[in-house]
Amino acid sequence: MQAVQFRAYGSPDVLDVVDTSEPVAPAGGVLIRVIASGVNGLDAILRQGFMAEQMPVEFPAGVGLEASGEVLAVGEGVTGTAVGDVVFGFGAATAAEKAVLVTWAAVPATVDPIEAGGWAVAIETAGRVLTLLAPAEGSTVLVSGASGGVGTALVQLAVARGLRVIGTASEANQERVTALGATAVVYGDGLADRVRATAPEGVSAAFDLAGSGIVPELIEIVGDASHVISIADFSAPEHGARVSTSQTEADPAASFAEAIAIDGFGIPVAATFPLARAGEAQELVAGKHSGGKVLLVP
Ligand SMILES: NC(=O)c1ccc[n+]([C@@H]2O[C@H](COP(=O)([O-])OP(=O)(O)OC[C@H]3O[C@@H](n4cnc5c(N)ncnc54)[C@H](OP(=O)(O)O)[C@@H]3O)[C@@H](O)[C@H]2O)c1
């Protein structure tokens, strides 16, 4: 089968599409025929070797953390999922014709399985940070980067949890954020004033999804660093705020279930690429303005 791999740390040139052996469904996992594999910021970070110490890889290394697909085989101990089911979830080396998922859920019948290939990381991350800060129902929260993949999921989960959401985005993406049920504001200079004008009741929690260096400003807006969390700014702890990176901090399956239960839940697809253009897809995502999920479709 065909799969994307990188043969060394480096630029997108180290990515190849290769013929490789098919994975086998492990105990507790499923083997899928990949319909789409989501591209995430971490893919390029891993390829460039920026996480070589924390997450070392063996070369040639597979690419991709999430996918949707049709179940071809179920591993020992798997219940509730059968061959032929269409699922989305987390795996490894998912940028391939076939891949193993280790955490998954069924793609709702009303959802395009290609779109669902980009759901797992965004939903898990959004559900995790929301659960970690646990803002009180009815309170107002601020989402920096509400128009991105994680932000789109977070706004929908937060609205469904009964929160009022103020979401930041570029001028071009204001309507997209409003359509999710949030109040949109433009990011950049003067953000705190715009948020205060929009939310005189105050903001109970803030989520830095963009990693744009505004953690101190978010702390000032919320008034309490312990109610500010970042997923992309590792300097946040220097200011007393938290960084969250690990799936083990919450329950991915619970977040999948929560998202699926929301009527009309979705994360727009910005672009799809064939496996051979994985480098281009990673570069688009690394630019941080892709406008939705970028997917590789084998
Ligand atoms: N720690 C974790 O567990 C974890 C998990 C998943 C992702 N991440 C990281 O979190 C980040 C977001 O992921 P994503 O998939 O949501 O990315 P994405 O889809 O590319 O979204 C990026 C978001 O950031 C906004 N943005 C870009 N430049 C900005 C700026 N200067 N100021 C404020 N906002 C800005 C974009 O708004 P416009 O498009 O409207 O400009 C968009 O809303 C990435 O760095 C990713 O690597 C971390």
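The structure we're discussing is the one just above.
A. Region of interest: the environment of His239. Along the chain, His239 turns up in the loop between strand 12 (228–230) and strand 13 (242–243). Accessibility expressed as a relative area gives 35% for His239, which makes it partly exposed.

B. View of the layout of surface pockets. Computed from the structure, the second largest pocket encloses a volume of approximately 200 Å³. Around the second largest pocket, the lining comprises 16 residues; the ones closest to its centre are Met1, Pro23, Ala92, Ala93 and Lys98. For the lining of the second largest pocket, the secondary structure elements donating two or more residues are strand 1 (2–6) and strand 7 (98–106). Looking at the lining of the second largest pocket residue by residue, the class counts come to eleven nonpolar, four polar and one charged.

C. Structural detail: the pairing of strand 9 (residues 164–169). Counting buried positions along strand 9 gives five out of six residues, so the element sits mostly inside the fold. Of the pairings in the sheet, the one linking strand 8 (residues 140–144) to strand 9 comprises five bridges and is parallel in character. Opposite Val143, over in strand 9, you have Gly167 as the bridge partner. A crossover connection joins strand 8 to the parallel strand 9 through helix 4 (residues 149–160); in handedness this β-α-β unit is right-handed. Pairing of strand 9 with strand 10 (residues 183–186) involves four bridges; the strand directions are parallel. Looking at the pairing, Ala169 lines up with Val186 of strand 10. Handedness of the crossover joining strand 9 and strand 10 through helix 5 (residues 174–179): right-handed.

What counts, and where the lines are drawn
- Residues numbered from 1 in each chain as written.
- Predicted model: local features only at pLDDT ≥ 70, side-chain atom pairs only at ≥ 80, totals over all residues.
- Heavy atoms only, no water.
- Helix = DSSP H or I, 4+ residues; strand = E, 2+ residues; numbered from the N terminus.
- Buried < 20%, exposed > 50% of the residue type's maximum accessible area, 1.4 Å probe, protein only.
- 1 Å grid on protein atoms, 1.4 Å probe; cavity = no way out; pocket = protein on both sides within 12 Å on 5 of 7 lines; lining within 4 Å.
- Points joined across faces, edges and corners; volume = space filled by probe spheres on them.
- Nonpolar A, V, L, I, M, F, W, Y, C, P; charged D, E, K, R; others polar.
- Pairing = 2+ DSSP bridges.
- Right-handed = clockwise from strand over helix to strand, strands pointing away.

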